[in-house]
2 protein chains.
Amino acid sequence: MEAPLPEPEPLKVLIDALRRLPGVGVRSARRMAYHMLQHDLAGADRLSRALADAVHNLGHCSRCNSFTEGDLCATCANPKRDESILCVVETPADQNMIESSHGYKGLYYVLMGHLAPLEGVGPAELQFDRLLKRAGDGVVQEVILATNFTAEGETTAHYLAELLRARGLSVSRLARGVPAGSELEYVDAGTIAWALMERRST
Amino acid sequence: MEAPLPEPEPLKVLIDALRRLPGVGVRSARRMAYHMLQHDLAGADRLSRALADAVHNLGHCSRCNSFTEGDLCATCANPKRDESILCVVETPADQNMIESSHGYKGLYYVLMGHLAPLEGVGPAELQFDRLLKRAGDGVVQEVILATNFTAEGETTAHYLAELLRARGLSVSRLARGVPAGSELEYVDAGTIAWALMERRST
Ligand SMILES: [Zn+2]
Ligand SMILES: [Zn+2]
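The rules behind the values
- Residues numbered from 1 in each chain as written.
- Chains lettered and ligands numbered in written order.
- Predicted model: local features only at pLDDT ≥ 70, side-chain atom pairs only at ≥ 80, totals over all residues.
- Heavy atoms only, no water.
- Least-squares fit on C-alpha atoms with pLDDT ≥ 70 in both.
- Contact = heavy atoms within 4.5 Å.
- Helix = DSSP H or I, 4+ residues; strand = E, 2+ residues; numbered from the N terminus.
- Salt bridge = Lys/Arg side-chain N within 4 Å of Asp/Glu carboxyl O.
- Polar contact = N/O pair within 3.5 Å; in protein donor to acceptor, adjacent residues only side chain to side chain.
- Nonpolar A, V, L, I, M, F, W, Y, C, P; charged D, E, K, R; others polar.
- Phe/Tyr/Trp six-rings, centres within 6.5 Å; stacked < 30°, edge-to-face > 60°.
- Buried < 20%, exposed > 50% of the residue type's maximum accessible area, 1.4 Å probe, protein only.
- Donors = N, O, S within 2.8 Å, 3.2 Å for Na, K, Ca; no water.
- Tetrahedral: all angles 85-135°; square planar, octahedral: opposite > 155°, others 65-115°.
- 1 Å grid on protein atoms, 1.4 Å probe; cavity = no way out; pocket = protein on both sides within 12 Å on 5 of 7 lines; lining within 4 Å.
- Points joined across faces, edges and corners; volume = space filled by probe spheres on them.
- Domains from an automatic or database assignment.

Digging into the relation of the copies chain B and chain A
Turning to step 1, where the next piece is worked out: Structural alignment of chain B on chain A gives an RMSD of 0.1 Å, achieved by rotating through 180 degrees and translating 0.0 Å along the axis. When the rotation and shift are considered jointly, the pair of chain copies conforms to a two-fold rotation axis. Proximity to the rotation axis, assessed at the C-alpha, singles out Ser 48 of chain B in chain B; its C-alpha lies 2.1 Å from the axis.
Turning to step 2, where the next piece is worked out: Comparing interface residues between copies, 100% of those in chain B also sit at the interface in chain A, which points to an isologous, same-surface contact.

Concerning the environment of Cys 64 of chain B
Turning to step 1, where the next piece is worked out: For Cys 64 of chain B, the location among the structural elements is in the loop between strand 1 (59-60) and strand 2 (67-68).
Turning to step 2, where the next piece is worked out: With near-sequence residues (within four places) excluded, Cys 64 of chain B lies in contact with Cys 73, Cys 76, Tyr 108, Tyr 109 and Val 110 of chain B.

Thoughts on the interface of chain B and chain A
Turning to step 1, where the next piece is worked out: Counting residues at the interface gives 65 residues for chain B and 65 residues for chain A.
Turning to step 2, where the next piece is worked out: The tally of links between chain B and chain A comes to two salt bridges.
Turning to step 3, where the next piece is worked out: Linking Asp 40 of chain B and Arg 20 of chain A is a salt bridge whose minimum nitrogen-to-oxygen distance equals 2.7 Å.
Turning to step 4, where the next piece is worked out: In this structure, the connection of chain B to chain A is made through nine residue pairs in polar contact (both at pLDDT 80 or more).
Turning to step 5, where the next piece is worked out: Here the element with the most residues in the side of chain B that touches chain A is helix 3 (residues 41-57) of chain B; it accounts for 15 residues.
Turning to step 6, where the next piece is worked out: A per-class count over the side of chain B that touches chain A returns 34 nonpolar, 14 polar and 17 charged.

Brief notes about the packing of aromatic side chains
Turning to step 1, where the next piece is worked out: All told, the structure shown has six aromatic pairs over all chains when counted by the stated rule.
Turning to step 2, where the next piece is worked out: Look at Phe 67 of chain A and Tyr 34 of chain B: their rings are 6.0 Å apart centre to centre, the planes differ by 25 degrees, and that puts the pair in the stacked class. With Phe 67 of chain A in strand 2 (residues 67-68) and Tyr 34 of chain B in helix 2 (residues 26-39), the pair connects residues from two separate chains.
Turning to step 3, where the next piece is worked out: Assessed through its relative accessible area of 3%, Phe 67 of chain A is described here as buried.
Turning to step 4, where the next piece is worked out: Ring centres of Tyr 104 of chain A and Tyr 108 of chain A lie 5.2 Å apart, and the angle between their planes is 65 degrees; this geometry places the pair in the edge-to-face category.
Turning to step 5, where the next piece is worked out: Classification of Tyr 104 of chain A as buried rests on a relative accessible area of 5%.
Turning to step 6, where the next piece is worked out: Residue Tyr 108 of chain A is classed as buried on the basis of its relative accessible area of 1%.

Focus: the coordination of the zinc ion (ligand 1)
All names here are of chain A.
Turning to step 1, where the next piece is worked out: Taken together, the protein ligands of the zinc ion (ligand 1) are Cys 61 (SG), Cys 64 (SG), Cys 73 (SG) and Cys 76 (SG), with distances of 2.2 to 2.4 Å.
Turning to step 2, where the next piece is worked out: Between the four donor atoms coordinating the zinc ion (ligand 1), the angles at the centre fall across 105 to 118 degrees, so the site counts as tetrahedral.
Turning to step 3, where the next piece is worked out: Donor residues binding the zinc ion (ligand 1) come from one chain and are separated in sequence as C-x2-C-x8-C-x2-C. Each member of the pair, Cys 64 as well as Cys 73, carries the same accessibility label: buried.

Remarks on unusual backbone geometry
Excluding glycine, most residues fall at negative phi; most peptide bonds, likewise, are trans.
Turning to step 1, where the next piece is worked out: Positive phi outside glycine occurs at His 102 of chain B, with the angle close to 55 degrees.
Turning to step 2, where the next piece is worked out: Note on placement: His 102 of chain B falls in the loop between helix 4 (92-100) and strand 4 (106-110).

Thoughts on the layout of surface pockets
Turning to step 1, where the next piece is worked out: Approximately 840 Å³ is the volume found for the largest pocket.
Turning to step 2, where the next piece is worked out: In terms of lining residues, the largest pocket is bounded by 35 residues, among which Arg 31 and His 39 of chain A together with Thr 91, Gly 113 and His 114 of chain B are the most central.
Turning to step 3, where the next piece is worked out: Those elements giving two or more residues to the lining of the largest pocket turn out to be helix 2 (26-39) of chain A together with helix 4 of chain B.
Turning to step 4, where the next piece is worked out: Sorting elements by how many residues they give to the lining of the largest pocket places helix 2 of chain A first, with seven residues.
Turning to step 5, where the next piece is worked out: Its residues assigned to classes, the lining of the largest pocket shows 13 nonpolar, 14 polar and eight charged.
Turning to step 6, where the next piece is worked out: Taken as a whole, the second largest pocket encloses approximately 680 Å³ of empty space.
Turning to step 7, where the next piece is worked out: Where the lining of the second largest pocket is concerned, the elements lending two or more residues are helix 5 (92-100) of chain A together with helix 2 of chain B.
Turning to step 8, where the next piece is worked out: Of all the elements, helix 2 of chain B adds the most residues to the lining of the second largest pocket, at six residues.
Turning to step 9, where the next piece is worked out: Broken down by class, the residue content of the lining of the second largest pocket amounts to eight nonpolar, 10 polar and nine charged.

Focus on the domain arrangement of chain A
Turning to step 1, where the next piece is worked out: When its domains are assigned, chain A resolves into domain 1 (9-57) and domain 2 (76-173).
Turning to step 2, where the next piece is worked out: Here the C-alpha centre of domain 2 of chain A lies 34 Å away from the C-alpha centre of domain 1 of chain A.

What follows is the structure in structure tokens.
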């Protein structure tokens, strides 16, 4: 390679940084970079600031583990929520879906993932001890396991059910009204509301 | 909606900013945000800085219109390139592909797009007058049209061929060794090298 490569350094660095996004390969990253630099400089600037702001200002809620700006998220800080029920979900998106069903007034715990032994995600990585401590505060009476109805979500629910029942907690799982193999985020709110009502003890 | 939404403001802003990327919907944007905040804070920080750096330090080469840090890009500033031939491409990625074929020693002009009347992209938006001025500098003898072999790329090449020929320039198109309907970025370097050698006057 005697000739200098035509790509300037800041462009190369940007393409590399975009490639780290999930589901983005080198060609998509390049298209994203060209698009922003050619047609949406304001969008690039906005994304840059949004990332910096999120990195510096977002942390995990000390109670539910979801993303929050302060120590406690808005849901955990809401005195109107029923503190005796804890709903365990995989992601904040799943929590949003359950909220939008208007069928739940308890609190949440967000795992930020699911068990995936082949990818090195076990009980330690998901900090199950934190959830067990939260669920064992003496106020929580029932834990609803609302992990996805995928193989990983079911495994996670099964594993957690055993740990939680061993601590004397009542454990339930969303009713199987949710189509098997699907992810909560893609299920309509009505089905989720129904599955919440029909939840059964495991 | 009496209850506060569970998503904190910096997360909402980040998801909105990610949605402006081409090909990214709200669910992908949310997954990207969760992934970075949960598993790759360093990557988020890096992307933020790469965007700011690119926005502030990259501009368009005054000669070829590609992205560059200074006034002239490395290719245009290279005294070893043959200044009598100008190769017109749609994007810097296409330029990279032609460079990697090692079959071309002339200079480039990067359109940063193609004619797309239905999307409001015409000769004015692509600044054809800039290309015509560049090609008419008295040094350029031949213009190779290496736009994509898609409908838009062919239309762009046809349109440019007429304008350039009217100015007394020799105009050629990459040989049809490139499979019709395909985009240069996805063609192997050998095919491109062959198509360059077999190029014919239009
Ligand atoms: Zn919380
Ligand atoms: Zn240049």
